[in-house]
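# Remarks on the overall topology
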Amino acid sequence: MTTLAAKTKLKPLQIGPITIDMPLVLAPMAGVTSHAFRLLCRNHGVGLVVTELLSSHAIHYKNAKTFGMFDWADNERPVSVQLFGGDPALMAEASQVVEAAGADIIDLNMGCWVPKVAKTGAGATLLKDVCLAQSVVKAMVDAVKIPVTVKIRSGWDPSQTTGIEFAKRAQDAGAQAIAVHARYANQGFTGRADWSIIRRVKDMVTIPVIGNGDVETPEDAKRMIAETGCDAVMVGRAAMGNPWIFGDIAHYLETGEHRRPPTLADRIEAALFHVKTMAANPAVGEERAVKEMRGQITHYFKGFPGVSALRCLLVQARTVEEIELLLRRENNAHS
Ligand SMILES: Cc1cc2nc3c(=O)[nH]c(=O)nc-3n(C[C@H](O)[C@H](O)[C@H](O)COP(=O)(O)O)c2cc1C
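Attention here is on the structure that accompanies the text.

The rules behind the values
Residue positions are counted from 1 within each chain, in the order its sequence is given. Given that this is a predicted model, residues contribute local features only at a pLDDT of at least 70 and side-chain atom pairs are listed and counted only at 80 or more, while totals for whole chains, interfaces and linings are drawn from all residues. Heavy atoms from the whole structure form the basis of all side-chain values; hydrogens and water molecules are not counted. When two rings of Phe, Tyr or Trp (its six-membered ring) have centres within 6.5 Å they constitute a pair, described as stacked for plane angles under 30 degrees, edge-to-face for angles over 60, and tilted for the intermediate range. Helix and strand assignments come from DSSP, with helices taken as H or I runs of at least 4 residues and strands as E runs of at least 2, each series counted from the N terminus. By definition, being over a ring means that NZ of Lys or CZ of Arg is both within 6 Å of the ring centre and within 35 degrees of the ring normal. Using a 1 Å grid laid over the protein atoms alone, points where a 1.4 Å probe fits but cannot get out form a cavity; open sets with protein on both sides within 12 Å along at least 5 of 7 lines form a pocket; any residue with an atom within 4 Å of a point counts as lining. Grid points are joined across faces, edges and corners, and a volume is the space filled by probe spheres set on the points. Gly counts as polar in this scheme, as do all residues outside two lists: the nonpolar Ala, Val, Leu, Ile, Met, Phe, Trp, Tyr, Cys and Pro, and the charged Asp, Glu, Lys and Arg. Boundaries of every domain are those given by an automatic assignment or by a domain database. Comment: axis = line fitted to C-alpha atoms, over the contacting stretch for helices; angle = value between 0 and 180 degrees taken between N-to-C directions. These descriptions rest on fixed angle ranges, namely under 35 degrees for roughly parallel, over 145 for roughly antiparallel, 65 to 115 for roughly perpendicular, and the rest for oblique. We call a crossing left-handed when the near helix sits turned anticlockwise from the far one by less than a right angle, and right-handed when that turn is clockwise. Pairs of residues are marked as contacts when any of their non-hydrogen atoms sit within 4.5 Å. Only heavy atoms are used to decide nearness, and a residue is near a molecule or strand if one of them lies within 4 Å of it. In protein, a polar contact requires one atom able to donate a hydrogen and another able to accept it; more generally it is a pair of N or O atoms within 3.5 Å, and residues adjacent in sequence count only if both atoms are side-chain atoms. Here, Shrake-Rupley sampling with a 1.4 Å probe gives the accessible areas, and only protein chains in the shown set may cover a residue. A side-chain nitrogen of Lys or Arg and a carboxyl oxygen of Asp or Glu constitute a salt bridge if their distance falls within 4 Å. Any residue under 20% of the maximum accessible area for its type is buried, any over 50% is exposed, and the rest in between are partly exposed; the area is computed with a 1.4 Å probe on protein chains only.

Counted by the stated rule, this structure contains four aromatic pairs. Ring geometry for Trp 113 and Phe 189: centres 6.5 Å apart, planes at 75 degrees, overall edge-to-face. Residue Trp 113 is located in the loop between strand 7 (105-110) and helix 6 (115-118), and its partner Phe 189 is located in the loop between strand 9 (177-184) and helix 9 (196-204); the two are separated by 76 residues in the primary sequence. Note that Lys 128 overlies the ring of Trp 156, its terminal NZ or CZ placed 4.1 Å from the centroid. The cationic tip of Arg 153 hangs over the ring face of Phe 189; the distance from NZ or CZ to the ring centre is 5.5 Å.

Turning next to the layout of surface pockets. Quantified by volume, the second largest pocket comes out at close to 360 Å³. Considering the residues around the second largest pocket, the lining is formed by 19 residues, among which Glu 216, Ala 238, Asn 242, Asp 248 and Arg 267 are closest to the centre. Counting residues per element, the lining of the second largest pocket draws most heavily on helix 11 (residues 244-255), at three residues. Taken together, the residues of the lining of the second largest pocket break down into seven nonpolar, five polar and seven charged. Counting only domains with at least three residues in the lining of the second largest pocket, you end up with domain 1 (2-255) and domain 2 (264-334).

Taken N-terminus to C-terminus, the directions of helix 2 (residues 35-43) and helix 12 (residues 264-280) make an angle of 140 degrees; their axes are 8 Å apart at the nearest point. Here helix 2 lies oblique to helix 12, going by the angle between them. With respect to the hand of their crossing, helix 2 and helix 12 are arranged in right-handed fashion. Packed against helix 2, whose contacting residues are His 35, Ala 36, Phe 37, Leu 39, Leu 40 and Asn 43, the element helix 12 presents Ala 270, Phe 273, His 274, Thr 277 and Met 278 at the interface. Counted by class, the contact of helix 2 with helix 12 contains seven nonpolar, four polar and no charged residues.

Before going further, it helps to examine the site of the ligand. The environment of the ligand is formed by 16 residues, the closest being Pro 28, Gln 82, Asn 212, Asp 214 and Arg 237. Pro 28 places a main-chain nitrogen or oxygen 2.8 Å from an oxygen atom of the ligand. Between a nitrogen atom of the ligand and a side-chain N or O atom of Gln 82, the distance comes to 2.7 Å. About the coverage of the ligand: the protein hides 86% of its 600 Å² of free accessible area. Partitioned by chemical class, the residues of the shell around the ligand number seven nonpolar, six polar and three charged.

So, about empty space enclosed by the protein. Scanning the entire structure with this criterion turns up two cavities of 30 Å³ or more. In this structure, the largest cavity occupies an estimated 80 Å³ of space. Forming the walls of the largest cavity are 14 residues, and the residues nearest its centre are Val 50, Asp 107, Thr 149, Ile 210 and Met 234. For the lining of the largest cavity, a count of residues per class yields 10 nonpolar, two polar and two charged. By volume, the second largest cavity is sized at about 40 Å³. Forming the boundary of the second largest cavity are Leu 264, Phe 301, Phe 304, Pro 305, Gly 306, Val 307, Leu 310, Glu 330 and His 334. Taken together, the elements giving at least two residues each to the lining of the second largest cavity come down to helix 14 (307-314) and helix 15 (320-334). Residue composition of the lining of the second largest cavity, by class: six nonpolar, two polar and one charged.

A separate point is the pattern of salt bridges. One pass over the full model with this rule turns up 21 salt bridges. Asp 220 serves as the salt-bridge partner of Arg 223, at 3.7 Å between the closest nitrogen and oxygen. Remark: Asp 220 and Arg 223 occur in helix 10 (residues 218-228); sequence separation between them is three residues, near one turn of the helix. In this structure, Arg 260 engages Asp 266 in a salt bridge whose closest nitrogen and oxygen atoms are separated by 3.0 Å. Of the residues examined, Arg 260 reaches a relative accessible area of 57% and is grouped as exposed.

This is the structure we're talking about:
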């Protein structure tokens, strides 16, 4: 991996004392980036994975469901655990809890705009009060020994590009890297990401900057690096059902060429690994794993002929065995 990073002329990503050889990051995605999916992406070459967001309030009140989401394991390290909250003391406490539970890095969520999170003063709402946000980062940094990072958006709306100013404040407070999803919070996922904001953040700080937003192809990743100078590229939606994207990007950056796309058999193996790993987690179990996979499994077969018929069958499957049977049958039909 180190050799590959060197050949791409990308430096390994350095987050405090942690060296991440391949500077590609799986974006945190609620309901998607479970241990199983993170491990799958690690096996396919991503350098760093981030958990979905965890509530500092829920950790304070020892909410069993939230503790059930402490699903990281040694085989996916380094793993960054993302927290949300707007209260410095609670965020410091939650940081200590996840550090004790084995997190390698703690990431502060300053991008979530959904009302359930934003109206509590957490997530992207912190972009409206950069002084408070800086206190949250400082409280987290002071509370733990492991590195703290921050994931921001460009600002709350285009009239307040506070993300750029905040990046410097985050660095001053001791953050060791900053990820920039180059959209405003009030955009949700609409419009296109404006990567010039990543460039402006990069000019503002000396800590590593991780670029994020609308990277769908290896060419996009190359262009993002060229246009923004970012130190690493974070991919979210384009990785769903497509863990190969990380190896594809690395290969393209190294050689300028594309790898062969995954075959149907490759896709089936990856989907089965995903659901089996999820089911094997005692905190999840087979019934919940099968239900949760319903929203994700068809991403593996996007664009394949007969995918809608397969989707109808897959969403009715009740067990991992049924899913495997359906997929093996599909493979036989195409071979
Ligand atoms: C289903 C879904 C869930 C997400 N959950 C989170 C989250 O828990 N924390 C976070 O910081 N961002 C979250 N995001 C935002 C992504 O991390 C990322 O910033 C965004 O999707 C843009 O990157 P992309 O264009 O590569 O998808 C989520 C995005 C999606 C699509």
